[in-house]
Amino acid sequence: MSQTLGLSRLAYSRVWHQVSASLPHHSLSTQSSVTPPSLGRLASRIAILLMGKHKPIFDPSTDCGDYVVVTNCAALHTTGNKKWRKMYYRHTTRPGSLKALTMDALIEKQGGSEILRKAVSGMLPKNRLRDKRLARLKAFEGDSHPYKQNLIRFGGVAVGIDGWEEAVEMIREKDKERI
């Protein structure tokens, strides 16, 4: 059997995914109808999409991941007291230059998108592909973003928007009638 079975240009093409940080998600939230996904669950799902682990052609040494657009980062959900106790450190390599910021101070200074970017960066493999993968993460504080035309659509409804599952079911029903 050929080792290249199933590899095609279509499999390597990059797709745009949209994720909302404020809407409850059935597979990412512990209480699916009440709370939005926590920061860690959201970041791990985004890291999987950026690496391309959801594709059948995944290979750790190739960059076959997709683009991810995250909206509503200003409303990131964290559990416990992480918002006030979690510290972010940076150092300039000079003696005595260790700086520390709490999560709420960093959100106030740079926004929730930077918190999400740091969380996703920590979940990506530490190799030469990390910066390229992280560059495909587009995070925005509100609902508006310039990538609306690039998102995956079923029946004219973007994936992740309310009602996209119904659009997929309608397309599947039409395909069954056609066959």
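All residue numbers refer to position in the chain's written sequence, counted from 1. In keeping with the predicted nature of the model, local features appear solely for residues at pLDDT of at least 70, side-chain atom pairs appear and are counted solely at 80 or more, and the whole-chain, interface and lining totals rest on all residues. Values reported for side chains reflect all heavy atoms of the structure, with hydrogen atoms and water molecules removed beforehand.

The name given to the protein in an unreviewed UniProt entry is Large ribosomal subunit protein uL13m, with the source organism recorded as Drechmeria coniospora. Regarding the protein, the UniProt comment filed under Subcellular location (unreviewed entry) reads as follows: "Mitochondrion". UniProt positions are given in the numbering used here, feature names are shortened, and annotations may be inferred rather than shown by experiment. Checking UniProt for the protein, the heading Sequence similarities (unreviewed entry) contains the comment "Belongs to the universal ribosomal protein uL13 family."

Caption draft 1: Geometry of the overall build of the protein. Across its full length, the protein carries seven helices and seven strands. Each helix and strand of the protein, placed in order from N terminus to C terminus, yields the pattern α-β-α-β-α-β-β-α-α-α-β-β-β-α. Looking at the 179 residues of the protein, the share that counts as buried comes to 34%. In the protein, once contacts between residues fewer than 6 apart in sequence are set aside, the share between residues at least 24 apart is 57%. For the protein, the exposed area adds up to about 11,400 Å²; of that, 54% sits on carbon and sulfur atoms. Elements are defined by DSSP. Helices are runs of H or I of four residues or more, strands are runs of E of two residues or more, and each kind is numbered from the N terminus. Accessibility here uses a 1.4 Å probe with only protein chains present; expressed as a share of the type maximum, an area under 20% marks a residue as buried, one over 50% as exposed, and anything in between as partly exposed. Any two residues whose heavy atoms approach within 4.5 Å at even a single point are treated as in contact. For every accessible area listed, the method is Shrake-Rupley and the probe measures 1.4 Å; residues are considered covered only by the protein chains on display.

Caption draft 2: Spotlight on the pattern of salt bridges. Whenever Lys or Arg places a side-chain nitrogen within 4 Å of a carboxyl oxygen from Asp or Glu, that contact is recorded as a salt bridge. Per the stated rule, a full pass over the model turns up six salt bridges. Here R14 ties to D63 by a salt bridge, and the two come within 3.9 Å at their closest N and O atoms. Of the two residues, R14 sits in the loop between helix 1 (9–12) and strand 1 (16–20) while D63 sits in the loop between helix 2 (39–51) and strand 2 (67–71), which places them 49 residues apart along the sequence. For R136, the salt bridge is made with D63, and the minimal N-O distance between the two is 2.9 Å. Highlighted residues: R136 in the loop between helix 6 (130–135) and strand 5 (137–139) and D63 in the loop between helix 2 and strand 2, separated in sequence by 73 residues. Here the salt bridges share partners, and the residues they tie into one network are R14, D63, R133 and R136.

Caption draft 3: Broad picture of the nonpolar core. In these notes, a set of buried Ala, Val, Leu, Ile, Met, Phe, Trp, Tyr and Cys residues joined through side-chain atoms within 4.5 Å is what counts as a nonpolar core. Of all hydrophobic cores here, the largest spans 25 residues; its most connected members are I46, V68, V70, L116, V120 and L137. Within the residue set of this core, elements represented by two or more residues are helix 2, strand 2, helix 4 (103–110), helix 5 (112–123) and strand 5. Sorting elements by how many residues they give to this core places helix 2 first, with eight residues. Ignoring any residue separated from it by four or fewer positions in sequence, one finds L116 in contact with L39, L42, I46, V70, C73 and L76.

Caption draft 4: Here's a closer look at the environment of P36. Here P36 shows up in the loop between strand 1 and helix 2. Residue P36 is classed as buried on the basis of its relative accessible area of 16%. P36 sits 16 residues away from S20 along the chain, and the two C-alpha atoms are 8.8 Å apart.

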